[in-house]
Amino acid sequence: MTADPKPGAGPDRGTVFAFFNEIGIIAQLSQALLGKVLPDGVHPSHFAILNHLVRLGDGKPPVRIAAAMQVTKATMTHSLAVLEKRGLVETRPSAEDARSKLVYLTGAGRSFHAEAIAGANRAFGRIVGEAHLETMREAMPALVEIRKLLDENRDPGG
């Protein structure tokens, strides 16, 4: 087993792992809580698609959404079918390329997203106090910076 590099020679692997381990645990716990406020049949991963479309705009091809979510095209096709069956999204042919389809939020999808956020806020509000909110506000810029860093470097080998 090799030792971590000397300070300044590279990242402190223990710190990096501990940081992402905490984020992973927070993600698991928050996803579980979110899952409890979503209606039956809608999984947090389905909500993540709606959230992605709200955040970055709809009218995206399924393959691009799959890449953003880091799932296979087959997984995305299944998830979009669930959302489309519930009337939360619709797919339409692309105006530029009739062979490809684009995904759009419906009015019901936008309402569902807003209601889910409100439900999550109520659920988290029962456990998050003002001191925790201040910690979150202070951590946000650093978390956004790390998210952007990871997003820009999705291929760890390249």
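Values in this document were obtained by computation on a predicted structure and should not be read as measured data. (Residues numbered from 1 in each chain as written. Predicted model: local features only at pLDDT ≥ 70, side-chain atom pairs only at ≥ 80, totals over all residues. Heavy atoms only, no water.)

Section: helix H5 (residues 107–125)
Phase 1 of the analysis: Between its first and last C-alpha, H5 extends 27 Å over 19 residues, near the 27 Å set by a 1.5 Å rise per residue.
Phase 2 of the analysis: Contacts from the buried residues of H5 go to helix H1 (13–37), helix H2 (44–56) and strand E2 (101–105). (Helix = DSSP H or I, 4+ residues; strand = E, 2+ residues; numbered from the N terminus. Expected span 1.5 Å × (residues − 1). Contact = heavy atoms within 4.5 Å.)

Concerning the layout of surface pockets
Phase 1 of the analysis: Taken as a whole, the largest pocket spans an internal volume of roughly 2400 Å³.
Phase 2 of the analysis: At the level of elements, H1, H2, helix H3 (62–69), H5 and helix H6 (130–152) are the ones that each hand at least two residues to the lining of the largest pocket.
Phase 3 of the analysis: In terms of residue count, H6 provides more of the lining of the largest pocket than any other element does, 13 residues in total.
Phase 4 of the analysis: Grouping the constituent residues of the lining of the largest pocket by class yields 27 nonpolar, nine polar and six charged. (1 Å grid on protein atoms, 1.4 Å probe; cavity = no way out; pocket = protein on both sides within 12 Å on 5 of 7 lines; lining within 4 Å. Points joined across faces, edges and corners; volume = space filled by probe spheres on them. Nonpolar A, V, L, I, M, F, W, Y, C, P; charged D, E, K, R; others polar.)

Concerning the nonpolar core
The nonpolar side chains of soluble globular proteins are, as a tendency, buried together.
Phase 1 of the analysis: Counting 19 residues, the largest nonpolar core has Val89 and Phe112 as the members making the most contacts within it.
Phase 2 of the analysis: Of all elements in the fold, only H2, H3, helix H4 (73–85), E2 and H5 reach the threshold of two or more residues within this core.
Phase 3 of the analysis: Element by element, the count of residues in this core is highest for H2, at four residues.
Phase 4 of the analysis: Setting aside its immediate chain neighbours within four residues, valine 89 contacts Leu50, Leu53, Leu80, Leu83, Glu84, Val103, Tyr104, Leu105 and Thr106. (Core = buried A, V, L, I, M, F, W, Y, C linked by side-chain atoms within 4.5 Å. Buried < 20%, exposed > 50% of the residue type's maximum accessible area, 1.4 Å probe, protein only.)

These figures come from the coordinates and say nothing about function on their own.
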